[in-house]
Amino acid sequence: MTNKHKILCVGSVLWDIIGRSASHMRAGSDVPGRIIRLPGGVCMNIAMALSRFGLKPDLLSAIGQDAEGNELVSECARRGLGTDFLYRSADLPTDRYMAIEGANGLIAAIADAHSLEAAGDKILNPLKFGPLGSDETPFNGLIALDGNLTASLLEEIAISPSFSSADLRVAPASPGKAERLLPFVRSGRGTLYVNLEEAGILCQLNFDNSSDAAAKLLERGAFRVLVTNGGESCCDATQDGLVTQRPPKVLVTRVTGAGDTFMAAHIAAECDGSDRKDALSRALHAAAAYVSGEIAI
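Predicted, not measured: the structure shown is a model, and the values here were computed from it.

1. Regarding the pattern of salt bridges
Here comes step 1: Counted according to the given criterion, the structure contains 17 salt bridges.
Here comes step 2: Of the charged contacts, one joins E75 and R79 as a salt bridge, the two residues approaching to 3.0 Å between their closest N and O atoms.
Here comes step 3: It is possible to trace a salt-bridge network through shared partners that takes in D167, R169, R224, D236, E270 and R276.

2. What to know about the side chain of N148
Here comes step 1: Relative to the assigned elements, N148 resides in the loop between β9 (142–146) and α5 (151–159).
Here comes step 2: A relative accessible area of 5% places N148 in the buried class.
Here comes step 3: Reaching out from N148, the side chain makes a polar contact with the side chain of K177 at a distance of 2.6 Å.
Here comes step 4: Beyond its immediate chain neighbours, meaning those up to four positions away, N148 contacts S12, V42, A113, L116, E117, A173, K177 and R180.

3. What about helix α8 (residues 210–219)?
Here comes step 1: Three or more residues of α8 are buried, namely S210, S211, A213, A214, L217 and L218. On an axial view of α8, the arc spanned by its buried residues comes to 165°, and they lie on one face.
Here comes step 2: Lining the buried residues of α8 we find α6 (182–187), β11 (191–195), α7 (196–203), β12 (224–229), β13 (232–238) and β14 (241–245).
Here comes step 3: Capping the start of α8, N209 holds a side-chain oxygen 3.2 Å from the backbone nitrogen of S211, two or three residues further along.
Here comes step 4: Once α8 ends, the next one or two residues include G221, with phi positive near 125°.

4. Concerning the sheet that holds β11
Here comes step 1: A sheet is described by the order of its strands in space; here 8 strands give the open sequence β4-β1-β9-β10-β11-β12-β13-β14, paired in mixed fashion. Of all strands in the sheet, those bounded by a partner on one side alone are β4 (58–60) and β14. Strand after strand, the sheet turns through a mean of 15° between neighbouring axes, direction not considered.
Here comes step 2: Where β11 meets β12, 5 bridges bridge the pair, whose relative direction is parallel. Note that in β12 the partner of Y193 across the bridge is L226.
Here comes step 3: Packing of α8 onto the sheet brings it into contact with β11, β12, β13 and β14, and relative to β13 it is tilted by some 20°.

5. Quick look at the state of the cysteines
Here comes step 1: Under the criterion given, the structure shown has 0 disulfides.
Here comes step 2: Not part of a disulfide, C203 finds its nearest cysteine sulfur in C235, a span of 12 Å.
Here comes step 3: Unpaired in terms of disulfides, C234 finds its nearest cysteine sulfur in C235, a separation of 7.1 Å.

6. Examining the nonpolar core
Here comes step 1: Counting residues in hydrophobic clusters, the biggest one holds 42 residues, and the most contacted among them are I143, L145 and L217.
Here comes step 2: Ignoring any residue separated from it by four or fewer positions in sequence, one finds L145 in contact with V10, L154, I157, L168, R169, V170, A171 and F184.
Here comes step 3: In terms of nonpolar packing, the next biggest core, distinct from the first, is built from 36 residues, I63, A171, Y193 and A283 among them.

7. Focus: the packing of helix α1 (residues 42–52) against helix α9 (residues 258–271)
Here comes step 1: In the contact formed by α1 and α9, the axes pass within 8 Å of each other and the chain directions differ by 45°. Considering their axes alone, α1 and α9 lie oblique with respect to each other. The two elements α1 and α9 cross, and the hand of that crossing is right-handed. Residues V42, N45, I46, A49, L50 and R52 of α1 pack against D260, T261, M263, A264, I267 and A268 of α9.
Here comes step 2: Residues of the contact of α1 with α9, tallied by class, amount to 8 nonpolar, 2 polar and 2 charged.

8. Overview of the packing of aromatic side chains
Here comes step 1: What the rule picks out here adds up to 1 aromatic pair.
Here comes step 2: Measuring from ring centre to ring centre gives 6.4 Å for Y193 and F262, while their planes differ by 70°; the resulting arrangement is edge-to-face. You can see Y193 sitting in strand β11 and its partner F262 sitting in helix α9, a full 69 residues away along the chain. Here Y193 and F262 have matching classes, each one buried.
Here comes step 3: Between R37 and the ring centre of W15, over which it is positioned, the NZ or CZ distance is 3.8 Å.

Parameters and conventions
- Residues numbered from 1 in each chain as written.
- Predicted model: local features only at pLDDT ≥ 70, side-chain atom pairs only at ≥ 80, totals over all residues.
- Heavy atoms only, no water.
- Salt bridge = Lys/Arg side-chain N within 4 Å of Asp/Glu carboxyl O.
- Helix = DSSP H or I, 4+ residues; strand = E, 2+ residues; numbered from the N terminus.
- Buried < 20%, exposed > 50% of the residue type's maximum accessible area, 1.4 Å probe, protein only.
- Polar contact = N/O pair within 3.5 Å; in protein donor to acceptor, adjacent residues only side chain to side chain.
- Contact = heavy atoms within 4.5 Å.
- Arc of directions from axis to C-beta.
- Pairing = 2+ DSSP bridges.
- Axes fitted to C-alpha atoms, helices over the stretch in contact; angles between N-to-C directions.
- Disulfide = S-S within 2.5 Å.
- Core = buried A, V, L, I, M, F, W, Y, C linked by side-chain atoms within 4.5 Å.
- Parallel < 35°, antiparallel > 145°, perpendicular 65-115°, else oblique.
- Left-handed = near helix turned anticlockwise from the far one by under 90°.
- Nonpolar A, V, L, I, M, F, W, Y, C, P; charged D, E, K, R; others polar.
- Phe/Tyr/Trp six-rings, centres within 6.5 Å; stacked < 30°, edge-to-face > 60°.
- Lys NZ or Arg CZ within 6 Å of the ring centre and 35° of its normal.

Spelled out as structure tokens, the structure:
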């Protein structure tokens, strides 16, 4: 397979520890529920979803050489994800993410991605010094990139020659890290996948709908953006125009990973040759199936 046909997922690969309850919750709630552990991180979630859609992405991330890291790498391989380019650190522990979800959505979450941040640009060595590419012969496939990387590293990627030929697809890890995507807006490089809150943070404005948010991001210099808004209309915006669609209505049973599923489904649809309208529709239906619990994880 040539680089042109490769898909790389770059960012956080960690263990998710998620507590879910059927009860409505608020700060201080103590309710019965279930606690599960599963592979996660924005990069990992996107890669797993791409695999479910029939693609075979490779992972670029930092995973410790501890027992949790060995187990995580084995789980990645079992799910059909490429692990040859992972940075395995002997002195950094494997990262973790913890979330609490109630019937009223995400209550709170903490992302411990300190090892990924400490590893820094070491995770990009296969793209900078081979075998995947270099400044002289940049990688020309698709790269799904998440905002758990440090702000300085994301800024470097936004202008790096090593990424100049890639089809970059970029997502923030959370609203708290949305500003890390500003270099991609300023450089006009890559397709950005953000929700309405994240779009507002990038523009320092409040928006009522995804179309206004997407149009403003284009005005600020973005090359292409997809803005989601929960169960409300979603917008795909380029200089060729805006495509807006409403997702199907479903009973929401989980929320963690929904945006990653949307992004992966959209990438898979476009890799399959779908036009913008069809790709957006397929992504919205896939995300709806995910949050309703129809898609197993």
